[in-house]
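# A look at the structure
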Amino acid sequence: PPPPPPPPRPSASTSYLSTRGRKALQPILSYFDMFITSLSDLAGADNPDGKIPFCVAENKLTQPRLEERFCAAAKVAFGQHEAYEYNDMTGLSQMKNAVARLWNRKVCGGSELARETDVVCGAGAAAVLNNTFTCALEVGESVLIPAPYYAAFENDMEVLSGLKPRKVVVGDIVKGPTREEWELAFQQAQLEGRRVGAILITNPNNPVGVCYHRSIVEESLKWARERNLFIIVDEIYALSVHGSGGEKFTSVIEIERGLVNDDLAVVWAMSKDFGGSGLRAGVLMTGNKKLKQAMSNISVFTGVSHPMQLMIADVLSDDSWVDDYLEYSNSQLRKCYDVVTSTLDEIDVPYIEAKAGMFVWADFSSLLPENTWEGEEGFTSVCFEEGGFVMTPGQAQRAEKPGWFRICIGWNSIEVLQVGMERLANVCTNIRLRGWVDLEVEEREDVTPSGVRRRGSSFIGD
């Protein structure tokens, strides 16, 4: 007998979206709407009462220098024939060589540990991660990530690759994950019937801003290899080390003395250290030949344009400019870090001392109307509605308890940052002096059983 006919396509009410498409309708980040609202009303000299985003880890402090250098690089790039031709989808040799050389010179202490042949280029770190997840892991597998972690990792691995993020509860988030903490998360996944396929480490850490001691990285790799897991290390903030205390940043490439094992991949991009989020250029570095071959096939969907690759190669090969740029960038980040932390000190808000990245991880739990995630949402709302600023809430980064927030220090000018800190201080002072009051609780549906508004809670006052 002939096979049964296939089921009919879903009705037009689905707007012709697949299951994957419907999943992609979900906002990437819980606080994204507030950020988008802020963009149409940004604070500045001509708009002192505008909104101030503290939720985007982007370094805009160096843009004038970046603009000048890339304009010069464009004249070089568009004069080369490779700008107009097909080539290896893993990237042009010029960019791959420039990245490997940069890594050896600035990260690996002059040792020739990274090679051009290790590098695969892609349209930003998110694309590189998605391609890596797709090629290295099976649909439905779990990835262990020490928490708190970068809010968009879950989107990066779920929407297209179909992986399941699994947070690793870390007792000492400054020190980093231990063997016992990795094992506990692994066993919990096993009990739920989830197969673990990989671990993902971010070093320097986002959102905490610390660098892990090499022994923490070494022990994590050793444990993962005992479990036969793939290892991804996100080192996107490797060159944004602006503090002098704490642990020194050590790349996993230096620890391993090169990319000699098939189970290891390192991610980096131009978006953080070089303030080029809009360039959409990132790299995977791995010695796994089969993985690179697979990436070359699917990179046709996520390639970096050849003119952009040639511009990046020109910029990264300019040693004098790179050295001056990074020194200036990190000095500016440190100035902004000092502005934020001095305010937090004044208003008695605890925070973790950061050495790297472009954020401060601060504990506002004493200011919440209730010690719940709904209480954190209420505080997020009052900051936005009464203070006109938005920070990254801890729940979005899988913090272990409510009240932790990430304050990004590089998105605004130092003048706007100072205004934002004054607003933050005012909000915290008003809450402490006057307490919380629920607005129109009887008429609203977005409240918790105890009456805390999830959106729009406010403090008593004018």
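Look up a bit, the structure's there.
Notes on the structure in this doc start here. Worth saying up front: this structure is predicted, and the values here are computed from it rather than measured.

## Focus on the overall build of the protein chain
Counting its secondary structure elements, the protein chain contains 14 helices and 14 strands. A compact globule built from 462 residues would reach a C-alpha radius of gyration of about 23 Å, and the protein chain, at 23 Å, matches this within 12%. Its C-alpha atoms give the protein chain principal-axis dimensions of roughly 75 × 65 × 45 Å. When each of the 462 residues of the protein chain is scored for burial, the buried share is 56%. Across the protein chain, contacts joining residues at least 24 apart in sequence account for 74% of those joining residues at least 6 apart. If you sum the accessible surface of the protein chain, you get close to 20,400 Å²; carbon and sulfur atoms cover 51% of it. Here the protein chain contributes 45 positively and 62 negatively charged side chains, and the mean placements of these two sets differ by 6 Å.

## Concerning the packing of helix H3 (residues 63–77) against helix H11 (residues 306–316)
Two measures define how a pair of helices packs: the angle their axes make with one another and the distance between the axes. Running from N to C, H3 and H11 cross one another at 120°; their axes reach a closest spacing of 8 Å. Classed by the angle they form, the pair H3 and H11 counts as oblique. Remark: the crossing between H3 and H11 carries right-handed chirality. The residues of H11 that touch H3, namely those facing Arg69, Phe70, Ala73, Ala74, Val76 and Ala77, are Pro307, Met308, Leu310, Met311, Ile312, Asp314 and Val315. Here the contact of H3 with H11 is composed, by residue class, of eleven nonpolar, no polar and two charged.

## Overview of the sheet that holds strand S6 (residues 230–234)
On the basis of which strands lie adjacent, the open sheet formed by seven strands has the order S2-S8-S7-S6-S5-S3-S4 and mixed pairing. The open sheet has two edge strands, strand S2 (119–122) and strand S4 (164–168), and neither has a second partner. Going from strand to strand, the sheet's axes swing by 25° on average, the running direction of each strand aside. Where strand S3 (residues 142–146) meets S4, five bridges bridge the pair, whose relative direction is parallel. Bridge pairing in S4 links Leu144 to Arg166. Along the sheet, helix H4 (residues 93–107) makes contact with S2, strand S7 (264–269) and strand S8 (282–286), crossing S8 at roughly 70°.

## With respect to the sheet that holds strand S12 (residues 404–408)
Taken in spatial order, the five strands line up as S1-S11-S12-S10-S9 in an open sheet, and their pairing is mixed. Lying at the two open borders of the sheet, with one neighbouring strand each, are strand S1 (52–54) and strand S9 (351–352). The sheet contact formed by S9 and strand S10 (residues 359–363) spans two bridges and is antiparallel. Residue pairing across strands places Tyr351 opposite Ala362, the latter belonging to S10. Along the sheet, helix H14 (residues 414–434) contacts S1, strand S11 (389–393) and S12; its crossing angle with S1, the most-contacted strand, is approximately 85°.

## Section: helix H13 (residues 373–385)
Between its first and last C-alpha atoms H13 spans 18 Å; for 13 residues at 1.5 Å apiece the expected length is 18 Å, and the two agree. Those residues of H13 that fall on the buried side of the exposure criterion are Gly375, Glu376, Gly378, Phe379, Thr380, Ser381, Val382, Cys383 and Phe384.

## A closer look at the pattern of salt bridges
Evaluation of the coordinates by the stated rule reveals 20 salt bridges. When the shortest N-O distance is used, the salt bridge between Lys106 and Asp323 registers 3.0 Å. On the criterion of sequence distance, the pair formed by Lys106 in helix H4 and Asp323 in helix H12 (residues 319–346) is long-range, its members being 217 residues apart. The class of Asp323 is partly exposed, set by a relative accessible area of 27%. Asp263 serves as the salt-bridge partner of Arg225, at 2.8 Å between the closest nitrogen and oxygen. Here Arg225, found in helix H8 (residues 214–226), pairs with Asp263, found in the loop between helix H9 (252–255) and S7; they are 38 residues apart in sequence, far enough to count as distant. Overall, the relative accessible area of 19% leaves Asp263 in the buried class.

## Structural notes on unusual backbone geometry
Of note, the bond from Asn203 into Pro204 is cis; its omega dihedral lies within 30 degrees of zero at -5°. By secondary structure assignment, the location of Pro204 is in the loop between strand S5 (196–202) and H8. In this structure, the amide linkage connecting Asn206 to the following residue, Pro207, adopts the cis form with an omega of 25°. With respect to the helices and strands, the residue Pro207 is situated in the loop between S5 and H8. Phi angles above zero are rare outside glycine, and Arg280 is one such case at about 50°.

## Regarding the pairing of S7
With six of six residues buried, S7 is to be regarded as a mostly interior element. Going residue by residue along S7, you find Leu264, Val266 and Trp268 tucked away on one face and Ala265, Val267 and Ala269 tucked away on the opposite face as well. The pairing of S6 with S7 spans four bridges and is parallel. Along S7, the bridge assignment pairs Asp234 with Val267. Judged from the five bridges that link them, S7 and S8 form a sheet pairing that is antiparallel. Paired with Ala269 across the two strands is Gly282, which belongs to S8.

What counts, and where the lines are drawn
Each chain carries its own residue numbering, running from 1 in the direction its sequence is written. In keeping with the predicted nature of the model, local features appear solely for residues at pLDDT of at least 70, side-chain atom pairs appear and are counted solely at 80 or more, and the whole-chain, interface and lining totals rest on all residues. Calculation of side-chain values draws on the structure's entire complement of heavy atoms; hydrogens and water are dropped beforehand. Strands are runs of DSSP state E lasting at least 2 residues, helices are runs of H or I lasting at least 4, and numbering of each runs from the N terminus. Computation of the radius of gyration draws on C-alpha atoms, with the globule rule given as 2.2 Å multiplied by the number of residues to the power 0.38. Burial classes follow relative accessibility: with a 1.4 Å probe on protein chains only, a residue under 20% of its type's maximum area counts as buried, one over 50% as exposed, and anything between as partly exposed. Any pair of residues with heavy atoms lying within 4.5 Å of one another is described as a contacting pair. Residue-level accessible areas treat just the shown protein chains as cover; the underlying method is Shrake-Rupley with a 1.4 Å probe. A positive count includes Lys and Arg, and a negative count includes Asp and Glu. His and the chain ends are not counted in either. Every charge is mapped onto a representative atom, which is NZ of Lys, CZ of Arg, CG of Asp or CD of Glu. Axes, fitted as lines to C-alpha atoms, cover a helix only where it is in contact. Angles between the N-to-C directions of the axes lie from 0 to 180 degrees. These descriptions rest on fixed angle ranges, namely under 35 degrees for roughly parallel, over 145 for roughly antiparallel, 65 to 115 for roughly perpendicular, and the rest for oblique. For any pair of crossing helices, the crossing counts as left-handed if the nearer helix is rotated counterclockwise from the farther one by less than a right angle, and right-handed if it is rotated clockwise. Classes in brief: Ala, Val, Leu, Ile, Met, Phe, Trp, Tyr, Cys and Pro nonpolar; Asp, Glu, Lys and Arg charged; the others, Gly included, polar. For two strands to count as paired, DSSP must find a minimum of two bridges between them. One less than the number of residues in a helix, times 1.5 Å, gives the span that helix is expected to have. Salt bridge criterion: a side-chain nitrogen from Lys or Arg within 4 Å of a carboxyl oxygen from Asp or Glu.

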